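Chain by chain, the residues:
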Amino acid sequence: MQTPMAVVHGRFTVRTLAAAIETELDRGVAFLLVPVFLAVGVLAYFSLAEEPALLPIASAALVMAVLALAARTRRWLHYGLAALAFCLLGMAAAKLETARLGTKMLGAEISTQLQGRVVEIDRLDKGRVRLTIDVIATARPTLRYAPDRVRLTARRAPAGLAAGSLVSGYARLMPPSGPIRPGSYDFSFESYFDGIGASGFFMKGPELVADAQPVALALGIEAWLGNLRDRIALRIRDRIGGVEGEIAAALMVGVRGGIPEEVNEALRRTGLYHIISISGLHMAMVAGTVMLGLRFGFAAFPAFASRHPVKKYAALAALVSTGGYLSISGAEVAAQRSFIMLAVMLTAVLFDRAALTMRNLAISAIIVILASPHEVVGPSFQMSFAATAALVGAYGWWSDRPTDQAQPAIQRSLAAKTWRRLWALAVGLLATSLIAGLATSVFGAWHFQRISPLSLFANLAVMPIVSVLVMPFAVAAGVLMPLGLDGLFLDTMGRGLGAMIALAQWFSERSPVDAVRLISARSVILVTVALCVASMATTRLRLAALPFAASGLLLLGEARTPDILISEDGRLVGVPTADGRLAVNRARPSDFITDSWKRAVVAEDLVGPVGAGGKAAPTAKASAARPDAALPPESAMSLQGEEKPDRRRAFICDGGLCTIEHPSGAVIAYAGNAATAKPACVVASLIVIDDATARDPCANSATTVVTKRDLARFGSVAAFLPEKGEAAVRQIEIQRAIAEPYRPWHAQRAFSREARGLPPFRRDRAKPPVEKAAP
């Protein structure tokens, strides 16, 4: 039974909560929730098991909107119906974008003579180039369902190659791949919304082709900007040189292909990679440099500055400058989103409104979500808006804190004022790095399975250099480059980048392992709710974020770690071992795949296969088709020389059959065909067969069989074994990356030879030509 004091306390709590909610609604929190509900609708659309029709979604959104307007007198019903309407609007926007793009995706690997127009050129290391090409024609064979745009690499670029050039060459085209493991980044999804229908490489060529046809206006403008970007990048590389020149080109024109991978990895491990990816940081620095420079310039003419709104002039110039920077840097999606956010804030300055507000951030999010809904599911959108929302919310909280206005001003010396400003700058950098790092860490762990342990310290050390020696001088160099006066500024920028690279490598060498296990989706949702509440609320309702954040942190480790990982091409199998390493069945695995797998299972080293006698073993099928880097000797062949290799530590390959024993006692086997796999049916719990024509050779046993056809249809596999000691050891849970019916970005998978159960295509060169019949 409650005491009177408890009842009074309960009433006070409810009354206080109701008053806080009323205050939040009066301050416009309902509008801040609009992009949240739009994003929920977008996520719901992309999470559906099958593709919905547009008309029912749009009709339901319209009905909910009408009902919400009709229920304006009943506040909570009105808010509930409006929330449903915005969710359905988000779903409709995502469906409309999917239908509007309709990217034609290649279904199977094929070699063909290709002719097309170059849209974009990325210059890679060792003289290689990556070309984005609009396909005009194919031959030998002529593709009946040719993609409209492809991305191909070539060993060299022909002399005179430029954006807009017409090229021809014999190319190997490959369909976009699916996720490396279930739940990971989906390359096919990204390719669909980028308009890329295939990727691959030139086997011969490319060569320039005489072009007499007029180029469309839009393509001509795109080609002109691409060529201007290439000329600027070449000038930067020639002046600065080395890795510093490559990073300077990335910062100024968005060309990142020439940065060595070891430098990229050092930046990732230290949480500094955001510096070379043009985003909100760069847009803000360009705008800030332009505004600050113009304000100082106007201050030299006090009579003019006192009669004119020079702040608005500076904001307008900053808006134009960031628009130019967006165009010349390639206008990637992340840069477009950042420009929209900054444009909204600078426009607010032009109309005498506060720039850094949650309302402006909400307007930016609404524009981005409706213009490009697929970005909502990507890490760039989530981490960018999470960091910005956390910073704006923290800034608002700090600005609203109670201060002692009656305290008299203290007269300080110049040295004391300088020290206080430097101290305030250092505290501001520390708070910014800490808040942004905490707000984005869960999303980084969710998407990449990595957290940079020394990110805070690395950013504190590097950001002053970037803010003082790099970006301001990059802006000045860009302005003065047409006059040929950019040399000194590029040199200064290069020295700043040299210091940044040195610091990144120093922190990277001392950084502990940055891999984390898979984290649960529920924890990400709870942390996201906590972030929204903490950044949007202005009253004591901020405290409501604490239980959500605590629950999310407690559920971080809820996700199960896979016991077996299988690549979608059926060539690679990975099994975590008891000693904390990842055993693979190939001596030359794909570094890209194994790096992702190692982060998912938190394994530092790889163990390659060995033969029955302890020697390095060939895999069940030859791996010469892919020039993947070999494993380092100390990790790949660490079991060589043992008289009797331990099957619990590595794949043991003998006669085309590779087997390994999981710590739970289950045996996993890999074979190139059904006949080779059949003897393993007696002992194996899971068999992977790298053959699309194979049928289950263990039909009368409890062994789970995964064939190349299964993988071609449903993508990569993560398998989960029962705990050791359970009775049904052979009962395995199979999680697949892709499900049927296919969504539009996966529909092409049904047309590959492997998905249809056919063997690889082999051209019969000995077959005589067919004679034509006489008329």
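Rules and cut-offs
- Residues numbered from 1 in each chain as written.
- Predicted model: local features only at pLDDT ≥ 70, side-chain atom pairs only at ≥ 80, totals over all residues.
- Heavy atoms only, no water.
- Helix = DSSP H or I, 4+ residues; strand = E, 2+ residues; numbered from the N terminus.
- Buried < 20%, exposed > 50% of the residue type's maximum accessible area, 1.4 Å probe, protein only.
- Contact = heavy atoms within 4.5 Å.
- Areas by Shrake-Rupley, 256 points an atom, 1.4 Å probe, with all protein chains shown as cover.
- pLDDT = per-residue confidence, 0-100.
- Pairing = 2+ DSSP bridges.
- Axes fitted to C-alpha atoms, helices over the stretch in contact; angles between N-to-C directions.

**Q** Help me understand the overall build of the protein, please; the structure alone is not making it clear to me.
**A** Helix and strand counts for the protein stand at 24 helices and 17 strands. Across the 775 residues in the protein, those meeting the buried criterion constitute 46%. Considering only intrachain contacts with a sequence separation of at least 6, the fraction spanning at least 24 residues in the protein is 68%. If you sum the accessible surface of the protein, you get close to 39,300 Å²; carbon and sulfur atoms cover 62% of it.

**Q** What am I meant to see in the confidence of the model for the protein here?
**A** For residues with low pLDDT, the predicted coordinates do not support detailed interpretation. A residue-level look at the protein finds 89% of positions with pLDDT of 70 or above and a mean pLDDT of 83. Note that pLDDT drops below 50 for residues 1-12; the model gives that stretch one contact with residues more than four away or on any other chain. Between residues 619-642, whose pLDDT stays under 50, and residues either more than four places distant or in other chains, the model counts 62 contacts.

**Q** Looking at this model, I keep getting lost on the sheet that holds strand β8 (residues 582-584). Mind explaining?
**A** Whenever strands of a sheet pair, they do so through backbone hydrogen bonds, lying parallel or antiparallel. Read across the open sheet, the six strands follow the order β9-β8-β7-β6-β16-β17; overall the sheet is mixed. What marks the edges here is a single partner per strand, and that holds for β9 (606-607) and β17 (733-736). With three bridges connecting them, strand β7 (residues 573-576) and β8 associate as antiparallel partners. Its bridge partner being in β8, Val575 is matched across the sheet by Ala583. Packing against the sheet, helix α21 (residues 591-601) makes contact with β6 (564-566), β7, β8 and β9, and its axis sits at approximately 145 degrees to β8.

**Q** Whenever I open this one, the pairing of strand β2 (residues 129-139) confuses me. Can you help?
**A** The side chains of a regular strand alternate between the sheet's two faces. Bridge analysis of strand β1 (residues 110-123) against β2 gives 10 bridges, and the strand direction is antiparallel. Residue Arg123 lies in a different strand from β2, and its bridge partner there is Val129. In this structure, the hairpin formed by β1 and β2 is closed by a connection of five residues, where Lys126 is found at a positive phi of approximately 60 degrees.

**Q** Explain the sheet that holds strand β4 (residues 166-174) to me, please; I cannot follow it from the model alone.
**A** Spatial ordering of the closed barrel is given by β1-β2-β3-β5-β4, a layout of five strands whose pairing is mixed. Shown here is a sheet whose adjacent strand axes are inclined to one another by a mean of 50 degrees, direction ignored. As defined by bridge partners, β4 adjoins strand β5 (residues 198-208) across seven bridges and the pair is classed as antiparallel. Each residue of the ladder has a partner; that of Met174, found in β5, is Ser199. Each of β1, β2 and β3 (149-154) is contacted by helix α7 (residues 217-240), which is oriented at about 65 degrees to β1, the strand it contacts most.

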